[in-house]
Amino acid sequence: MEKTAILFVHGFMGCKRQFLSLQNALEDCGADMILHVLPGHDSTLEEFRTTDAGVWQQSVNDAVHNLAKEYDRILLVGHSMGGLLAIRAAIAEPDKVCGVAAIGFPIKIRLRHQWLALNIDASHPAKEGEDPRITAARTMSGVKIESAGQYFSTFPQNMQFLKMTRLARREIHLLKAPLTVLNFEKDEIVAPSVPDFVHSQLPDARVIMMPNSFHFLFTDDELQLMASEIRGMLQQ
């Protein structure tokens, strides 16, 4: 009997908490679920600032390589930058990855003031009655930041995130594994042109646009839709 693993890869400045709800929705999917933590994440600001795109990518490539020693099939599920890392890992290890699900896939982005405001607000202590998008962003943060000044000190790492988007745009056409993109119409950072771009590079890719979720905050029904799509990929 084939052994299958799902490797979850969180996003920029994120952590494995980004996937706990999705993991619960997939608990009886028949695959072992592994929550990967990128170097410098789930850690201190100082440690995060010592890392870059190359280190993040190598950690995912190594995780896929090591899992392939035990599992017959590996499905990569990435949120935000995790989707970019997953795409490039699947290209590097084409015989080991059976599919990629990219959630909130930022291969093209639009930097809006709402995104900056969201991140700055999430760096402050929680307030009663605050926007649930701020609460979600704070909950999913894997780098301890306590002020706007500390957030702006991560500018070099933000540039590394943008580097990842450029690399993924340049290389995505090389992907051999099936790709499902699960994006959100209300996303604060991902450009609405992503579906057209993905299909221009990979005509057979499956792209789903969900109307009610945000980059960090998912509605229950759209979370279940994401889980259903991942289950379908496991059955391919």
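Reading the values: rules and limits
Residues numbered from 1 in each chain as written. Predicted model: local features only at pLDDT ≥ 70, side-chain atom pairs only at ≥ 80, totals over all residues. Heavy atoms only, no water. Helix = DSSP H or I, 4+ residues; strand = E, 2+ residues; numbered from the N terminus. Expected span 1.5 Å × (residues − 1). Buried < 20%, exposed > 50% of the residue type's maximum accessible area, 1.4 Å probe, protein only. Polar contact = N/O pair within 3.5 Å; in protein donor to acceptor, adjacent residues only side chain to side chain. Contact = heavy atoms within 4.5 Å. Core = buried A, V, L, I, M, F, W, Y, C linked by side-chain atoms within 4.5 Å. Axes fitted to C-alpha atoms, helices over the stretch in contact; angles between N-to-C directions. Parallel < 35°, antiparallel > 145°, perpendicular 65-115°, else oblique. Left-handed = near helix turned anticlockwise from the far one by under 90°. Nonpolar A, V, L, I, M, F, W, Y, C, P; charged D, E, K, R; others polar. Pairing = 2+ DSSP bridges.

*Asks:* Just checking my understanding: could you explain unusual backbone geometry for this structure?
*Replies:* Most peptide bonds take the trans form, and the phi angle of most residues other than glycine is negative. Phi at Met-13 takes a positive value of approximately 60°, unusual for a residue other than glycine. For Met-13, the location among the structural elements is in the loop between strand S1 (4-9) and helix H1 (20-25). Of note, the phi angle at Ser-80 is positive, near 55°, even though the residue is not glycine. With respect to the helices, strands and loops of the structure, Ser-80 is situated in the loop between strand S3 (73-79) and helix H4 (81-92).

*Asks:* Honestly, helix H3 (residues 53-67) in this entry has me stumped. Any pointers?
*Replies:* The α-helix advances 3.6 residues per turn, and as a result positions three or four apart in sequence lie on the same side. Its 15 residues give H3 an end-to-end C-alpha distance of 21 Å, which sits within 8% of 21 Å, the value for a rise of 1.5 Å per residue. Along H3, the residues that are buried comprise Ala-53, Trp-56, Gln-57, Ser-59, Val-60, Asn-61, Ala-63, Val-64 and Leu-67. Between the side-chain oxygen at the start of H3 and the backbone nitrogen of Gly-54 there is a gap of 3.2 Å, and the oxygen is on Asp-52.

*Asks:* I keep staring at the side chain of Glu-93 and nothing clicks. Help me out?
*Replies:* Note on placement: Glu-93 falls in the loop between H4 and strand S4 (97-103). Classification of Glu-93 as buried rests on a relative accessible area of 16%. Among residues more than four places away in sequence, those in contact with Glu-93 are Asn-61, Val-64 and His-65.

*Asks:* Got a minute to help me understand the environment of Phe-197 in this structure?
*Replies:* Mapped onto the secondary structure, Phe-197 falls in helix H9 (residues 194-201). Phe-197 gets classed as buried once you look at its relative accessible area, which sits at 14%.

*Asks:* Help me out: how do you make sense of the nonpolar core in this one?
*Replies:* What tends to happen in soluble globular proteins is that the nonpolar side chains get buried as a cluster. Ranked by internal contacts, the top residues of the largest apolar core, which has 50 residues, are Leu-76, Met-81, Phe-105 and Leu-179. Considering each element in turn, this core owes the most residues, eight residues, to H4. Here Leu-179 is in contact with Ile-87, Val-100, Ala-102, Ile-172, Val-198, Leu-202, Ala-205 and Arg-206, once residues within four sequence places are set aside. Ranked by size, the runner-up nonpolar core spans 22 residues in total, among them Ala-31, Ala-101, Met-210 and Met-233.

*Asks:* Any chance you could explain the packing of H4 against helix H8 (residues 155-171) here in plain terms?
*Replies:* Between two packed helices, what matters for the description is the angle formed by their axes and the separation of those axes. Two elements in contact, H4 and H8, have axes separated by 10 Å at closest approach and are oriented at 45°. The orientation of H4 relative to H8 falls into the category oblique. As H4 runs across H8, the sense of the crossing is left-handed. Residues Met-81, Leu-84, Leu-85, Arg-88 and Ile-91 of H4 pack against Phe-161, Met-164, Thr-165, Leu-167, Ala-168 and Glu-171 of H8. Broken down by class, the residue content of the contact of H4 with H8 amounts to eight nonpolar, one polar and two charged.

*Asks:* What exactly am I supposed to notice about the sheet that holds S3 here?
*Replies:* Strand pairing in a sheet relies on backbone hydrogen bonds, with the paired strands running either antiparallel or parallel. Read across the sheet, six strands follow the order S2-S1-S3-S4-S5-S6 without closing on themselves; strand pairing throughout is parallel. Two strands in the sheet have a free side with no partner beyond their single neighbour: strand S2 (32-36) and strand S6 (206-210). Geometrically, the sheet is characterised by an average inter-axis angle of 15° between neighbouring strands, direction not taken into account. Two elements, S1 and S3, share six bridges in a ladder whose sense is parallel. For Phe-8, the partnering residue across the bridge sits in S3 and is Val-77. Together, S1, S3, S4 and strand S5 (179-184) form the strand contacts of H4, whose direction differs from that of S3 by roughly 150°.

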